[in-house]
Amino acid sequence: MRPPRSIRIGIDTGGTFTDVVVFDETTGEVVTTKTPSTPHDPAEGFLAGVEKGLALIGLGASDGPAIAAISHGTTVATNQLLEGKVDRLGFITNTGYEAMLEIARQSVPDGYGNSYFWVKPDRIVPRHLVKGVEGRMDFEGNEVRPFDEEGARAVARWFRAQGIVTLGVSFLHAYANPAHEERMRQVLADEHPDAVVSISSEVLREYREYERSMTTLVDAAVKPRLRSYVGNIQARLAGFSSAIEPVEIPFYVMKSNGGVLSADEVVHQPITTVLSGPAAGALGAALIAKVAGFDRVLTSDGGGTSTDVSVVIDGEPTLTTEGSVGAFPSKIPMIDVVTVGAGGGSIAWLSPEGSLKVGPQSAGAAPGPICYAQGGADVTVTDAHVVLGRIPPHLLGGEIPLDVPAARAGVEALAGKLGMSAEACATGVLEISAWNQANALRQVTVKRGLDVRDFTLVTFGGSGSLLLCRLMDVLGIPTVLVPPNPGNVSAFGLLTVDVKNDYVQTHVSLASALDPGAVGRIYDDLTARAAVALSGEGFAAEQHQFVRTADLRYFGQAFEVRVPVPDGPVTPETLTVVADRFHAEHRSTYGYDFSADPSQQVEWVNLRVSGIGPIQRPEIRRAGLDTPPPSGSSYSTSGGSDLDGRVASASERIETTRPVCFDAADGYVETPVVWRPDLAPGVRVDGPVIVEEFGSTVPIHPGFTATVDAYLNLIVTRAHEEEAGGA
């Protein structure tokens, strides 16, 4: 008798497509697919993806009990902030500090030389919707002035009368003592029960009043929309039931910190999802690259609207708490991702001076590029690719036909305004898009003291690999890895991440005055909070994992460096180990340290604990060494026996050709087109060649070569480097 199936599904909703990966924990089978996104109702595309993925492994909607969990990467919060679609917010703070948002930080974009011309952007809450309440805590959490109960009730009634139903509360030093904030929330519940409220001591329990207030307000701003979105999906998932009785399918949402959280809990922490989709892609690419033997990689996730890039060192994406989404700083733990508006749907346009620009505006999924034939009128990056023959006249293996003549007419019209040929215009659009992506990659490397040439680039996403050869030229990158099914790497990444919650407590103290016992008690408290959350997520105590870190700096510095803290009791020796790690990390990051200078004191700032509930990850198998799954779209599909290092020719595998333009001056060249699932490990294809698969296309330009490794990744190098390596 066949054992009961246990299925986990990863779903990443993008601007154009919804990507699906289905993992059978019983057999190890992994299958992938895509379905068009539905911007008018994202839950519709989500459910269509679930049904399509289940069908690939022989299941249907009535097999709901077989679904162990669904993990979802969403851009609901991200897009709302990027587009600036923030509804009316109210802000409650201490009396006398109502101008906190206007004062903000003394930070001018592009340096202080721009300060004369720069106009500070509008605040997330206008000044007339900020109200103060009397009461005050000091930095140690001692009450200086009592909370004004009647004043708080008057403020709550005022917001109710104004119809403001979304509120953020941030009082001075609430990180040290949240009593006043918690009382304010109770007053709001009594006087304004319809209000959606976020309090800073729950959103971000650390110092720096402006950043804490902004993060709390962003949390409040996205809470209504995220709650509605998640609730809609949960209600629709309830329809996946057995023939006998409905079942509740565990539903998780990806967080910016590289973990997932149950949908029931994430609606109370919406700020944690602001980089949900990009975080999943970085983690999936990191795992694939690590298995393939690459420990220093750059990830480039190209979608329909944007490209997201990050750095991975030793298999782990870098984390930051100094991020922002659009114009809004969000001081929460997040994978360090830089986003640029350079995706397949990015629109080409002319500036008032008549020069060609690309993005950040996007045609999205509706109406989409001109070639989608859904009413789009603006030339996009996808239109340029299809006109040049670099992508086929259809998407998803033929499921979505493209209107090539309409795309050409659009490109010709744009080219006419520029006084150039259609081919020159299309290649110009792609060149600008490539440089936009290259500049984003420079931001996460060169601007942080890293040499981009020391890294392998991993390209994925539906459009992520289309410009990889130009990126290699522009940046001097020696090697690019393209995973199998690159369009589904973010959805795959959702199946590789653990449940993860972060807790922080500010505890500012010079190392010389630090009490190990006090530090230990704070870590114990944070760990206890993390344990309660993990138990609530269904993890037994023996499964709980905890990671302790601390933010340290030299006395007088404005910002901190995060370092790991050893497990076990906190002793004076523990504090010494952490200080030594801080010196080493400071030297690695900034090129110097003061470990030999006793006059430079070390200061502790924040204590952090991450609670982790581990999950079973899909295994990335060596092709040809394992039994392949029945589906042809799998990370573990085998395709040959060239595992002895022999380089085989793919000339006999070439099925067709089509005219492709790689250089406008050379025009169209009849170029071989190969079907990627037919390429066995060890096979090499030399450019010019187009490598196609169900969800993506990889153009290999003249002078480049691609070799299939043991895990079916494409390893792209320059042809002369490949020859030198073989010699």
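All of these numbers come straight from a predicted model, not from anything done at the bench. Starting from 1, residues in each chain are numbered consecutively following that chain's sequence as written. The model is predicted, so local features are restricted to residues of pLDDT at least 70 and side-chain atom pairs to those at 80 or more, both for listing and for counting; the totals for chains, interfaces and linings are taken over all residues. Side-chain metrics in this entry use all non-hydrogen atoms of the structure; hydrogen atoms and water are not considered.

Colleague: Account for the nonpolar core, with residues named and values stated.
Modeller: In this text, buried Ala, Val, Leu, Ile, Met, Phe, Trp, Tyr and Cys residues form a nonpolar core when linked through side-chain atoms within 4.5 Å. Only protein chains enter the accessibility calculation, which uses a 1.4 Å probe. A residue is then buried if its area is under 20% of the maximum for its type, exposed if over 50%, and partly exposed in between. Among the nonpolar cores identified, the biggest contains 59 residues, and Ile-92, Ile-124, Val-125 and Met-184 are the most heavily contacted of them. Note on definitions: a residue-residue contact is assigned when non-hydrogen atoms from the two residues lie within 4.5 Å. Each residue touching Ile-124, except ones within four places of it in the same chain, is listed here: Val-86, Leu-89, Leu-101, Met-214, Leu-217, Val-218 and Phe-328. Residues Val-338, Leu-457, Leu-471 and Leu-475 belong to the second largest nonpolar core, which totals 38 residues.

Colleague: Summarise the sheet that holds strand E9 (residues 166-169); cite the residues concerned and give the values.
Modeller: Ordered by their spatial adjacency, 4 strands build an open sheet running E6-E5-E9-E10, and the pairing between neighbours is parallel. Since the sheet does not close on itself, it has two edges, and those belong to strand E6 (130-133) and strand E10 (196-199), each with one partner. Pairs of neighbouring strands in the sheet enclose a mean axial angle of 20 degrees, with direction left out of account. What makes two strands pair is DSSP finding at least two bridges between them. Going along the chain from the N terminus, every DSSP run of H or I of four or more residues is numbered as a helix, and every run of E of two or more is numbered as a strand. In the sheet, E9 pairs with E10 via 4 bridges, with the strands oriented parallel. Pairing of Val-169 across the sheet is with Ile-199, part of E10. Angles run from 0 to 180 degrees between N-to-C directions of axes, and those axes are lines fitted to C-alpha atoms, restricted for helices to the stretch in contact.

Colleague: Describe in detail the packing of aromatic side chains, supporting the description with residues and values.
Modeller: The relation between two aromatic rings is expressed through the spacing of the ring centres and the mutual angle of the planes. Aromatic contacts are taken between Phe, Tyr and Trp rings whose centres are within 6.5 Å, Trp giving its six-membered ring; a plane angle under 30 degrees counts as stacked, one over 60 as edge-to-face, and the others as tilted. Enumeration over the complete set of coordinates arrives at 6 aromatic pairs. Clustering of aromatic rings is evident, with ring pairs tying together Tyr-554, Phe-582, Tyr-592 and Phe-594. In this structure, Arg-548 packs its charged tip against the face of Tyr-523, placed 5.0 Å from the ring centre. Think of it as a cone above the ring: NZ of Lys or CZ of Arg counts as a charge over the ring if it is within 6 Å of the ring centre and within 35 degrees of the ring normal. Here the guanidinium or amino end of Arg-622 rests over the ring plane of Tyr-711, the centre of that ring lying 5.7 Å away.

Colleague: Can you tell me about the layout of surface pockets, naming the residues and giving the values?
Modeller: Throughout, the protein atoms alone are placed on a 1 Å grid, and a set of points is a cavity if a 1.4 Å probe fits but cannot get out or a pocket if it is open with protein on both sides within 12 Å along at least five of seven lines; lining residues have an atom within 4 Å of a point. Grid points are joined across faces, edges and corners, and a volume is the space filled by probe spheres set on the points. In this structure, the second largest pocket encloses a volume near 350 Å³. Around the second largest pocket sit Phe-139, Glu-140, Gly-141, Tyr-175, Ala-176, Arg-205, Tyr-207, Gln-505, Thr-506, His-507, Val-508 and Ile-522, which together line it. For the lining of the second largest pocket, the element with the highest residue contribution is strand E27 (residues 499-510), accounting for 4 residues. Each residue is assigned to one class: nonpolar for Ala, Val, Leu, Ile, Met, Phe, Trp, Tyr, Cys and Pro, charged for Asp, Glu, Lys and Arg, and polar for all the others, Gly among them. Looking at the lining of the second largest pocket, its residues break down into 6 nonpolar, 4 polar and 2 charged.

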